[in-house]
Amino acid sequence: MTANSNQPNPNDAVLGGQSLPLNSGLLGGLEGVKQRLTSESEEIRMAALDEALNYSQPGRDLLRQVVKTETGDLQLKAYNLLSKQVDEKERQELQHYLHIEIEIDNESSHPDKSTQPQHQRQLSRTERQNIVDRLRQENADNFLQRAIELGLNPATDLANLNLSGVNLSRANLKNAELNGIKLSQANLSKAHLNRANLTNANLKKANLQQSRMYLVDINGANLKEADLSNADLRNADLTSANLENANLKGANLTGVYLSEANLFGTQIDETTNLDPVWRRAWVSVNAPLDEESSNYVIREVMPAILERYRDRIEATIKPYLELKLIPDQNLTWWQSKFAGWQNSRSGFPYLPKGVDYPKTPDGDYLHLLAQINFAEAPHLEGFPKQGILQFYLSMDDSRYGFPDSEDVFEQKRFRILYFREPDFNEENLTTDFSFLPEKDDDFLLRDLYPDECSAIQWTKGYVPISIEDYNAFDRLFPELGNDGMTEVDMNDLYAELSYASEWILGGANCDIQMGGYRYHISDDPRCSLDSEEDPFDTLLFAISLLQSGSVFFYMQSSALARCDFSKILYAMA
């Protein structure tokens with residue numbers, strides 16, 4: 001790597017460009033960001049602002065310069081990004097440069113004296129709600145003015161109150177604290193809500209046509225079926241907002257934050273001003289797909305830093321099976337099962353006569369952990385459609401039966417058996433397992449077993465790659481290694497990507513799993529394997545431990561295709 005992130009390498013690529021291929025030959029580092037800010041494409045300029053924050057103090061200085069020298073949407077987005085990084089004093093200083101906002105508001109950011117309540121006693125929430133209920137019964141058109149006359153301060157006293165159905169058309173609620181307010185079916189058309197706090201508000205079916213909502217905070221709000229047509233939502237925070245079936249036609253959403261928002265059924269059109277990364281997310285969420293195809297699409301809005309890589313993330317999606325255990329003492333020899341801790345007939349394995357029961361090299365018997373009859377389970381792509389797979393572990397061991405470090409694939413203290421064509425004639429099976437000793441309660445393996453023999457209930461799901469997967473960053477973000485970034489910058493971006501990825505790239509969330517991806521508490525055990533071999537890219541089986549971590553059985557997909565279970569990576573992470 002170079003020592004200075006401001007000096008680009010000719011081969012640097014654009015990180016997360018929205019309109020250009022990620023491997024396009026533009027400059028990297030902070031100089032590359034500056035270059036893209038001079039582009040004639042507004043899309044490229046907007047994307048460059050997001051990248052500036054990856055360069056710590058120099059990046060923030062660049063955003064300050066944009067706020068002070070630019071105008072319009074570019075200036076507003078730079079201010080919005082920077083305002084989350086600086087203190088209140090600097091925010092106020094930067095606001096002096098926002099000429100567009102001053103032209104729109106043309107008024108002080110402080111409430112006018114004529115709008116202040118006539119007495120100063122602090123009203124309780126019950127008293128405030130009683131005033132609102134009285135006014136709702138009056139159904140007065142001058143709701144806000146009457147509320148002021150009765151002692152409410154609109155800037156501070158409406159939070160968490162129920163104002164459902166009230167008429168607040170053209171109301172001035174700029175900078176008001178309205179968090180948790182209930183405004184379902186309220187009329188807020190042409191209302192002035194710039195910089196208001198509407199976090200977790202209920203605005204279901206509210207009329208917000210042509211409302212001014214610049215820099216409004218609507219994080220977590222319910223806007224289901226709300227009419228926001230032609231509203232000014234520039235630089236608004238709509239993180240986690242519910243916009244299901246909301247009308248955003250003609251709305252200006254330049255610079256908005258829509259991470260984790262619900263855009264299902266949201267109405268937008270060619271007149272909606274929406275950043276390309278979010279428009280693309282909207283398309284993915286609402287694309288008409290058949291049931292099978294929809295399994296391989298993320299029907300949620302991801303954080304902006306991940307939305308740039310949506311195609312790559314969706315390309316990693318795999319099916320998996322969640323296994324839930326149901327105690328059952330009436331299982332046949334060949335049914336899928338988890339053996340209980342106490343020996344029982346139902347918990348013994350399918351074992352044809354003539355097949356030796358698995359032992360350690362010292363002659364100690366292994367114990368069945370789980371048996372999978374693939375014919376009973378929903379099919380996973382790449383897995384067998386029939387046959388019986390068994391997992392055995394050693395009891396005389398303090399390491400869950402893991403192999404020695406010298407040969408990580410040896411099956412001495414654990415064993416995987418597979419019977420391609422089971423024989424369902426009981427006369428041909430071993431049925432006497434009285435030679436097996438009882439399991440010792442002191443062994444660590446107690447964590448892996450249910451108390452009694454259990455049948456398996458299957459649930460099929462689909463999951464993208466876990467951010468903790470051994471090759472996740474190489475597959476999703478190969479640009480992280482380009483020479484235009486310092487190690488500090490790369491680590492900062494790595495941390496940002498990891499944080500943003502936790503909610504969607506955490507692997508399947510289940511105790512027992514086959515296929516798909518899974519989160520590793522410690523390093524992925526595959527990191528230390530020989531990179532020259534076929535990758536161990538298939539999660540054959542995983543079980544959560546009671547205390548921490550999970551045990552994993554990984555194998556090569558090429559071996560799975562041959563039903564060859566002789567080379568298994570068994571480890572804990």
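Nothing here was measured: the structure is a model prediction, and the numbers come from that model. (Residues numbered from 1 in each chain as written. Predicted model: local features only at pLDDT ≥ 70, side-chain atom pairs only at ≥ 80, totals over all residues. Heavy atoms only, no water.)

Looking now at the overall build of the protein. When its secondary structure is counted, the protein shows 15 helices and 12 strands. The 573 residues of the protein split such that 53% are buried. Accessible surface, the protein: about 26000 Å² in total, of which carbon and sulfur atoms supply 44%. (Helix = DSSP H or I, 4+ residues; strand = E, 2+ residues; numbered from the N terminus. Buried < 20%, exposed > 50% of the residue type's maximum accessible area, 1.4 Å probe, protein only. Areas by Shrake-Rupley, 256 points an atom, 1.4 Å probe, with all protein chains shown as cover.)

Helix length check: helix α7 (residues 125–138) (14 residues) gives 20 Å between terminal C-alpha atoms against 20 Å at 1.5 Å per residue, within 8%. Taken as a whole, α7 has its buried residues at Arg128, Gln129, Ile131, Val132 and Leu135. Taken end-on, α7 shows its buried residues confined to a sector of 155°, consistent with a single buried face. In α7, the exposed positions that point more than 90 degrees away from the buried face belong to Thr126 and Gln137. On its buried face, α7 sits against α8 (143–149). Asparagine 139 occupies a position one or two residues after α7 and carries a positive phi of about 55°. (Expected span 1.5 Å × (residues − 1). Arc of directions from axis to C-beta. Contact = heavy atoms within 4.5 Å.)

Take unusual backbone geometry next. At glutamate 225, a position not held by glycine, the phi torsion is positive, near 60°. In this fold, glutamate 225 is placed in the loop between α8 and β1 (252–253). Residue classification places glutamate 225 among the partly exposed residues on the basis of a relative accessible area of 35%. A positive phi angle, close to 65°, is found at serine 240, a residue other than glycine. For serine 240, a relative accessible area of 34% translates into the label partly exposed.

Moving on to helix α9 (residues 276–286). Of the positions making up α9, those classed as buried are Val277, Trp278, Ala281, Ser284 and Val285. What you see down the axis of α9 is that its buried residues fit within an arc of 115°, all on one side.

A few words now on the pairing of strand β10 (residues 538–544). Where burial is concerned, most of β10 is hidden: six out of the seven residues are buried. Note that strand β9 (residues 512–515) and β10 share two bridges and pair antiparallel. Its bridge partner being in β10, isoleucine 512 is matched across the sheet by isoleucine 543. Summarising the sheet, β10 and strand β11 (residues 550–555) pair through six bridges and their orientation is antiparallel. Bridged to threonine 538 within β11 is methionine 555. (Pairing = 2+ DSSP bridges.)

This part covers the pairing of strand β3 (residues 318–327). One ladder, built from 10 bridges, connects β3 with strand β8 (residues 454–463); its direction is antiparallel. Opposite leucine 321, over in β8, you have lysine 460 as the bridge partner. With three bridges connecting them, β3 and β9 associate as antiparallel partners. Bridge pairing links tyrosine 320 to glycine 515 in β9.

Before going further, it helps to examine a negative patch on the surface. A contiguous patch of negative charge, built from Asp290, Glu291, Glu292 and Glu381, is present on the exposed surface. Turning to its location among the elements, aspartate 290 is positioned in the loop between α9 and α10 (291–294). (Patch = residues over 30% accessible without salt bridge, like charges linked within 9 Å, V, L, I, M, F, W, Y side chains within 5 Å. Salt bridge = Lys/Arg side-chain N within 4 Å of Asp/Glu carboxyl O. Lys, Arg positive; Asp, Glu negative; His and termini not counted. Charge placed at Lys NZ, Arg CZ, Asp CG, Glu CD.)

Before going further, it helps to examine the environment of arginine 36. With respect to the helices and strands, the residue arginine 36 is situated in helix α1 (residues 29–36). Looking at arginine 36, its side chain comes within polar contact range of the side chain of glutamate 51, at 2.7 Å. (Polar contact = N/O pair within 3.5 Å; in protein donor to acceptor, adjacent residues only side chain to side chain.)

Orientation of helix α3 (residues 56–69) relative to helix α4 (residues 72–83), taken along the N-to-C sense of each, is 140°, at an axis distance of 8 Å. By the criterion of interaxial angle, the relationship of α3 to α4 is oblique. Note on packing geometry: the crossing formed by α3 with α4 is left-handed. Together, Arg60, Leu63, Arg64, Val66 and Val67 of α3 and Leu74, Gln75, Ala78, Tyr79, Leu81 and Leu82 of α4 make up the contact between the two elements. Of the residues in the contact of α3 with α4, the class split is eight nonpolar, one polar and two charged. (Axes fitted to C-alpha atoms, helices over the stretch in contact; angles between N-to-C directions. Parallel < 35°, antiparallel > 145°, perpendicular 65-115°, else oblique. Left-handed = near helix turned anticlockwise from the far one by under 90°. Nonpolar A, V, L, I, M, F, W, Y, C, P; charged D, E, K, R; others polar.)

Summary statistics for the protein give a mean pLDDT of 83 and a share of 84% for residues scoring 70 or more. The low-confidence segment residues 1–26, where pLDDT is below 50, has 71 contacts with residues more than four positions distant or belonging to other chains. A low-confidence stretch, residues 99–119 stays under pLDDT 50, and its non-local contacts, those more than four residues away or across chains, total 37 contacts. (pLDDT = per-residue confidence, 0-100.)

Here we come to the pattern of salt bridges. Scanning the entire structure with this criterion turns up 19 salt bridges. We note a salt bridge from arginine 562 to aspartate 564, for which the minimum N-O separation is 3.5 Å. One salt-bridge network, in which partners are shared between bridges, spans Arg134, Glu138, Arg146 and Glu149.

How two aromatic rings sit relative to each other is given by the distance of their centres and the angle of their planes. Applying the stated criterion to the full structure yields 25 aromatic pairs. Seen from their ring centres, tryptophan 333 and phenylalanine 433 are 5.9 Å apart, and the 40° between their planes marks the pair as tilted. In this pair, tryptophan 333 sits in the loop between β3 and β4 (337–338) while phenylalanine 433 sits in the loop between β7 (414–419) and β8, placing the two residues 100 residues apart along the sequence. By relative accessible area, which is 2% here, tryptophan 333 ends up buried. Judged by its relative accessible area of 3%, phenylalanine 433 is buried. By the ring-pair criterion, three or more aromatic residues cluster together here, those being Trp333, Phe348, Tyr357, Tyr365, Tyr392, Phe433 and Phe435. Here the guanidinium or amino end of arginine 526 rests over the ring plane of tyrosine 554, the centre of that ring lying 3.8 Å away. Above the ring of phenylalanine 409, the side-chain terminus of lysine 567 is found at 5.0 Å from the ring centroid. (Phe/Tyr/Trp six-rings, centres within 6.5 Å; stacked < 30°, edge-to-face > 60°. Lys NZ or Arg CZ within 6 Å of the ring centre and 35° of its normal.)

Orientation of α4 relative to helix α5 (residues 88–95), taken along the N-to-C sense of each, is 170°, at an axis distance of 10 Å. Here α5 runs roughly antiparallel to α4, going by the angle between their axes. Contact with α4, carried on its side by Tyr79, Leu82 and Ser83, involves Arg91, Leu94 and Gln95 of α5 and no other residues of that element. Taken together, the residues that form the contact of α4 with α5 break down as three nonpolar, two polar and one charged.

In this section: the side chain of histidine 367. For histidine 367, the position within the fold is in strand β5 (residues 366–373). A residue is classified by how much of its surface remains accessible, and histidine 367, at 3% relative accessible area, is buried. Those residues in contact with histidine 367 that lie beyond four places of it in its chain are Asn343, Tyr357, Phe391, Tyr392, Leu393, Met395, Pro437, Lys439 and Tyr449.

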